[in-house]
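Listed below, chain by chain, are the residues.
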Amino acid sequence: MPRYHPLPDPIPPGFKRAMPVSEFFARLGKFYIREEAGKPPVWGIHLRHKHGNRHGTGHGGFLATLADTHMAGFIHHAFPGMRVITTDLKLKYLRPAVMGAWIEGHQIEVTRDGDYGTVVSDLVARGQTLARCTARFKLLPKA
């Protein structure tokens with residue numbers, strides 16, 4: 001039985017393809033980033049069928065992986081020259097993500113307490129927050 005493949009949302013202006021930082025990152029899909037002076041980056045990706053669950057919406061595990069990935073990017077932006085290890089990750093799922101949606105990761109807050117950084121961010125699609133995300137990272141100097 002053929003699947004319905006919705007046309008993906010357009011990529012908003014200002015986004016450029018982000019080069020994968022690992023093989024795992026590359027397997028998730030094509031990531032994009034929008035960088036503006038004085039602002040935190042915004043990460044973006046299209047939700048594809050490979051990211052879905054049996055209900056035809058974004059799989060919660062994929063959204064958690066997406067959140068972890070973009071929040072590490074926010075830490076790298078805020079604290080250049082650091083390696084990070086995720087120690088805690090929490091998502092509050094608010095609504096489902098539909099296939100073809102353009103999903104963005106928006107930084108809300110980044111704080112540092114000694115050797116740890118904490119990020120609060122939102123996953124947003126079509127003007128609605130899909131999930132509020134919080135993560136804590138161990139900060140290590142790059143070797």
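For the structure itself, consult the block above.
Here is what the cut-offs are and how they apply
Residues numbered from 1 in each chain as written. Predicted model: local features only at pLDDT ≥ 70, side-chain atom pairs only at ≥ 80, totals over all residues. Heavy atoms only, no water. Pairing = 2+ DSSP bridges. Helix = DSSP H or I, 4+ residues; strand = E, 2+ residues; numbered from the N terminus. Contact = heavy atoms within 4.5 Å. Axes fitted to C-alpha atoms, helices over the stretch in contact; angles between N-to-C directions. Core = buried A, V, L, I, M, F, W, Y, C linked by side-chain atoms within 4.5 Å. Buried < 20%, exposed > 50% of the residue type's maximum accessible area, 1.4 Å probe, protein only.

Here seven strands make up an open sheet; going across it, the order is 1-2-3-5-6-7-4 and the pairing antiparallel. The outermost strands of the open sheet, each flanked by one partner alone, are strand 1 (16–17) and strand 4 (82–93). With 10 bridges connecting them, strand 6 (residues 116–125) and strand 7 (residues 128–141) associate as antiparallel partners. Looking across to strand 7, one finds that Val-119 is bridged to Ala-135. Against the sheet, helix 2 (residues 60–78) contacts strand 3 (42–46), strand 4, strand 5 (102–113), strand 6 and strand 7, and its axis sits at roughly 135 degrees relative to strand 4.

This part covers the nonpolar core. Counting 34 residues, the largest nonpolar core has Leu-66, Met-71, Ile-103 and Leu-123 as its most contacted members. The dominant element in this core, judged by the number of residues it contributes, is helix 2, at nine residues. The residues contacting Leu-123, other than those within four sequence positions of it, are Leu-63, Leu-66, Ala-67, His-70, Ile-103, Glu-104, Gly-105, Gln-128, Thr-129, Leu-130, Ala-131 and Cys-133.

Scope: geometric values only; no functional claims are made or implied.
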